[in-house]
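Close look at the chain arrangement
One letter stands for each residue in the lines below.
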Amino acid sequence: MTKRKGAVSEETKEAILSAAAEEFYEYGYEKASLRHICSRAGVTTGAVYCFFENKEDLLSNVMIPIFNVVRSISIDYDKVLCDDYTAFDEFQKFFSANRKLYHILYYNMNNPVIAGYIKAITEEFTHQITDVAHKALPGNKELPKELDEYISRCLAHIMVYSIIKIISEEPDDRIVTQRLITTVRVYKNGILSLLK
């Protein structure tokens, strides 16, 4: 039975992405070598350039799953406000399976590609902070001046870096989950204190 050309191409692309993730994890972006990535994936350099423009584009594609999972997780803010954190179960499953991606993110934060992803994730968290605040306010009351967009973005930035640091440095999934819940609780309670 012959494989379809498209299937082989998709398998090749996945092999390159997997090899690149391993290379970036072990050596960091700057020291990672396309030649080593090709060797790990069992492909030629030409195959890499069929799918990716350069090493930066390859890094971008390796990091896409983190951004996608942040965007796809729908958090039930009513539950979070009642200290029910089961909404993070999906997130916990993802980070357990993709710990190396967070390591790459954490140790390459100065890279423009990584910085772009962190900025996008921070924007997602900024919106989530605003949503939690709106959910907590009675009626159509406006958010207090203390919780303007700038402060929401600052809080989101700190929260994103805290989450990345926790996931990247703690090997025990149970401890990671507890620390993530603690982090979210601290931010939630801080936001709620501004609404009083």
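Summarised in this report is the structure supplied together with it. (Residues numbered from 1 in each chain as written. Predicted model: local features only at pLDDT ≥ 70, side-chain atom pairs only at ≥ 80, totals over all residues. Heavy atoms only, no water.)

**Some remarks on the pattern of salt bridges**
Stated precisely, the cut-off is as follows: Just to be clear on terms, a salt bridge is a Lys or Arg side-chain nitrogen sitting within 4 Å of an Asp or Glu carboxyl oxygen. What counts as a helix is a DSSP run of H or I of at least four residues, what counts as a strand is a run of E of at least two, and both are numbered from the N terminus. Relative accessibility under 20% of the residue-type maximum defines a buried residue, over 50% an exposed one, and the middle range a partly exposed one, all with a 1.4 Å probe and only protein chains included.
Considering all chains together, one arrives at eleven salt bridges under this definition. A salt bridge links Glu-26 to Arg-40; its shortest N-O distance comes to 2.9 Å. On the criterion of sequence distance, the pair formed by Glu-26 in helix H1 (residues 5–31) and Arg-40 in helix H2 (residues 34–41) is long-range, its members being 14 residues apart. By relative accessible area, Arg-40 is classed as partly exposed at 36%. Here the salt bridges do not stand alone but share partners, grouping Glu-23, Glu-26 and Arg-40 into one network.

**What about the packing of aromatic side chains?**
We count it as follows: In this analysis, rings of Phe, Tyr and Trp, with Trp reduced to its six-membered ring, are considered paired at centre separations within 6.5 Å, and the interplanar angle assigns stacked below 30 degrees, edge-to-face beyond 60, and tilted for intermediate values.
A full pass over the atoms with the stated rule returns four aromatic pairs. With a centroid separation of 6.3 Å and an interplanar angle of 75°, the aromatic rings of Phe-94 and Tyr-102 are classed as edge-to-face. Both residues of the pair, Phe-94 and Tyr-102, belong to the buried class. Residues Tyr-106 and Tyr-107 carry aromatic rings whose centres are separated by 4.8 Å and whose planes lie at 80° to one another, so their mutual orientation is edge-to-face.

**A short note on the packing of helix H9 (residues 149–169) against helix H10 (residues 173–194)**
Rules: Under this scheme, a helix contributes an axis fitted over its contacting stretch, all axes are lines through C-alpha atoms, and angles between N-to-C directions fall in the 0 to 180 degree range. Angular relationships are summarised with four words: roughly parallel below 35 degrees, roughly antiparallel beyond 145, roughly perpendicular across 65 to 115, and oblique for the angles in between. Pairs of residues are marked as contacts when any of their non-hydrogen atoms sit within 4.5 Å. Under the scheme applied here, ten amino acids are nonpolar (Ala, Val, Leu, Ile, Met, Phe, Trp, Tyr, Cys and Pro), four are charged (Asp, Glu, Lys and Arg), and all others, including Gly, are polar.
Their axes nearest at 10 Å, the elements H9 and H10 cross at an angle of 170°. On the basis of the axis angle, H9 is roughly antiparallel to H10. Residues Leu-155, Ile-158, Met-159, Ser-162, Ile-163, Ile-166 and Ile-167 of H9 touch H10, and the partners they reach there are Val-176, Arg-179, Leu-180, Thr-183, Val-184, Tyr-187 and Ile-191. For the contact of H9 with H10, a count of residues per class yields eleven nonpolar, two polar and one charged.

**Structural notes on the state of the cysteines**
Cut-off, in case you're wondering: When two cysteine sulfur atoms lie within 2.5 Å, the pair is treated as a disulfide.
This model, assessed by the stated rule, comprises zero disulfides. Cys-38 takes part in no disulfide bond, and the closest cysteine sulfur, belonging to Cys-50, lies 11 Å away. Taking relative accessible area as the criterion, Cys-38 reaches 4% and is therefore assigned buried. The exposure class of Cys-50 is exposed, given its relative accessible area of 66%.

**Looking at the environment of Tyr-187**
Position of Tyr-187 among the secondary structure elements: in helix H10. When its relative accessible area of 14% is taken as the criterion, Tyr-187 is described as buried. The spatial distance from the C-alpha of Tyr-187 to the C-alpha of Leu-34 is 41 Å, given a sequence separation of 153 residues. Those residues in contact with Tyr-187, other than ones at most four positions away along the chain, are Leu-155, Ile-158, Met-159 and Ser-162.

**Some details on helix H6 (residues 89–97)**
Applicable threshold: What the arc describes is the spread of directions from the helix axis to the C-beta atoms.
What H6 keeps buried is the set Phe-91, Phe-94 and Phe-95. Take H6 and look down its axis: the buried residues cluster within an arc of 95°, on one side only. Pointing more than 90 degrees away from the buried face of H6 are the exposed residues Lys-93 and Ala-97.

**Overview of the packing of H6 against H10**
Note the cut-off: Each crossing gets its handedness from the near helix: less than a right angle anticlockwise from the far helix is left-handed, clockwise is right-handed.
At a minimum axis separation of 11 Å, H6 and H10 run at an interaxial angle of 135°. Between H6 and H10, the interaxial angle falls into the category oblique. Helix-helix and strand crossings are classified by hand; for H6 and H10 the assignment is right-handed. Taken together, the residues of H10 that come into contact with H6 (itself represented by Phe-91, Gln-92, Phe-95 and Ser-96) are Asp-173, Val-176, Thr-177 and Leu-180.

Scope: geometric values only; no functional claims are made or implied.
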